[in-house]
Amino acid sequence: MTPELQRMDWMPSPPLAPIDSPLDFDHLSRMTLGDSELEQEVLAMFAEQAVRLIAAMAALPTDAGALAHKLKGSARGIGAFAVADAAASLETAIRIGHNQPHAFAALKEAVAEVRAAIETILKH
């Protein structure tokens, strides 16, 4: 098989079916190469970043779409796919100019859920 046609099995991807936790721990483990200390560090950084970004987006400023995009990427990196989906919905709502407050509220809720899960993890 030629190199350009080879399948790349190492690329992480979100789960195909919903998971019970706000975090996909398999995805997080793949992204941190199974290093539990790195997992905890990344989770703590995400939790802090999420608080800052949610606060910055609260009044839906002109850069809220870019802030939501940033949060979406970070959330995907740690396996917080519900946060990533909610951030994507906010991006779309801002772009089309419809239902931004509802999309922001859903994002805040998703962030609160994942932060609670992270807090539980970091306590152990």
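Peer 1: So what's going on with the nonpolar core? Which residues, and what values?
Peer 2: Note that soluble globular proteins tend to have their nonpolar side chains buried in a common cluster. Counting residues in hydrophobic clusters, the biggest one holds 30 residues, and the most contacted among them are F46, M57, L71, V83 and L107. For this core, the secondary structure elements donating two or more residues are α2 (36-57), α3 (64-78), α4 (81-96) and α5 (100-123). With eight residues, α5 is the single largest residue contributor to this core. Every residue in contact with L71, bar those within four places of it in the chain, is listed here: F46, A50, L53, I54, M57, V83, L107 and V111.

Peer 1: How would you sum up α2? Please name residues and give values.
Peer 2: Helix length check: α2, at 22 residues, gives a terminal C-alpha distance of 31 Å against a target of 32 Å (1.5 Å per residue), a fit within 8%. Taken together, the buried positions of α2 are occupied by E39, L43, F46, A47, Q49, A50, L53, I54 and M57. The inward-facing, buried residues of α2 contact α1 (25-31), α3, α4 and α5. The backbone nitrogen of E37 has a side-chain oxygen 3.0 Å away, supplied by the residue at the start of α2, namely D35.

Peer 1: Describe the packing of α2 against α3, and please don't skip the residues or the numbers.
Peer 2: Axis separation between α2 and α3 bottoms out at 10 Å; the angle between their running directions is 160°. In terms of axis orientation, α2 runs roughly antiparallel to α3. For the crossing formed where α2 meets α3, the hand is left-handed. The segment α2 lies against α3, with V42, L43, F46, Q49, A50, L53, I54, A56 and M57 engaging A64, L67, A68, K70, L71, S74, A75 and I78. Split into classes, the residues belonging to the contact of α2 with α3 amount to 14 nonpolar, two polar and one charged.

Peer 1: Before we move on, can you summarise the side chain of Q49 with the specific residues and values?
Peer 2: Following the sequence through the fold, Q49 ends up in helix α2. With a relative accessible area of 14%, Q49 lands in the buried category.

Peer 1: Residue-level account of the pattern of salt bridges, with values.
Peer 2: Per the counting criterion, the structure on display carries two salt bridges. K72 is the partner of E91 in a salt bridge, and the nearest nitrogen-oxygen pair spans 2.7 Å. Highlighted residues: E91 in helix α4 and K72 in helix α3, separated in sequence by 19 residues. Like K72, E91 is buried. Linking K123 and E119 is a salt bridge whose minimum nitrogen-to-oxygen distance equals 3.5 Å. Placement of both K123 and E119 in helix α5 is noted, with a separation of four residues, approximately one turn of the helix. Taking the relative accessible area as the measure of exposure, E119 reaches 47% and is therefore partly exposed.

Basis of the calculations
- Residues numbered from 1 in each chain as written.
- Predicted model: local features only at pLDDT ≥ 70, side-chain atom pairs only at ≥ 80, totals over all residues.
- Heavy atoms only, no water.
- Core = buried A, V, L, I, M, F, W, Y, C linked by side-chain atoms within 4.5 Å.
- Buried < 20%, exposed > 50% of the residue type's maximum accessible area, 1.4 Å probe, protein only.
- Helix = DSSP H or I, 4+ residues; strand = E, 2+ residues; numbered from the N terminus.
- Contact = heavy atoms within 4.5 Å.
- Expected span 1.5 Å × (residues − 1).
- Polar contact = N/O pair within 3.5 Å; in protein donor to acceptor, adjacent residues only side chain to side chain.
- Axes fitted to C-alpha atoms, helices over the stretch in contact; angles between N-to-C directions.
- Parallel < 35°, antiparallel > 145°, perpendicular 65-115°, else oblique.
- Left-handed = near helix turned anticlockwise from the far one by under 90°.
- Nonpolar A, V, L, I, M, F, W, Y, C, P; charged D, E, K, R; others polar.
- Salt bridge = Lys/Arg side-chain N within 4 Å of Asp/Glu carboxyl O.

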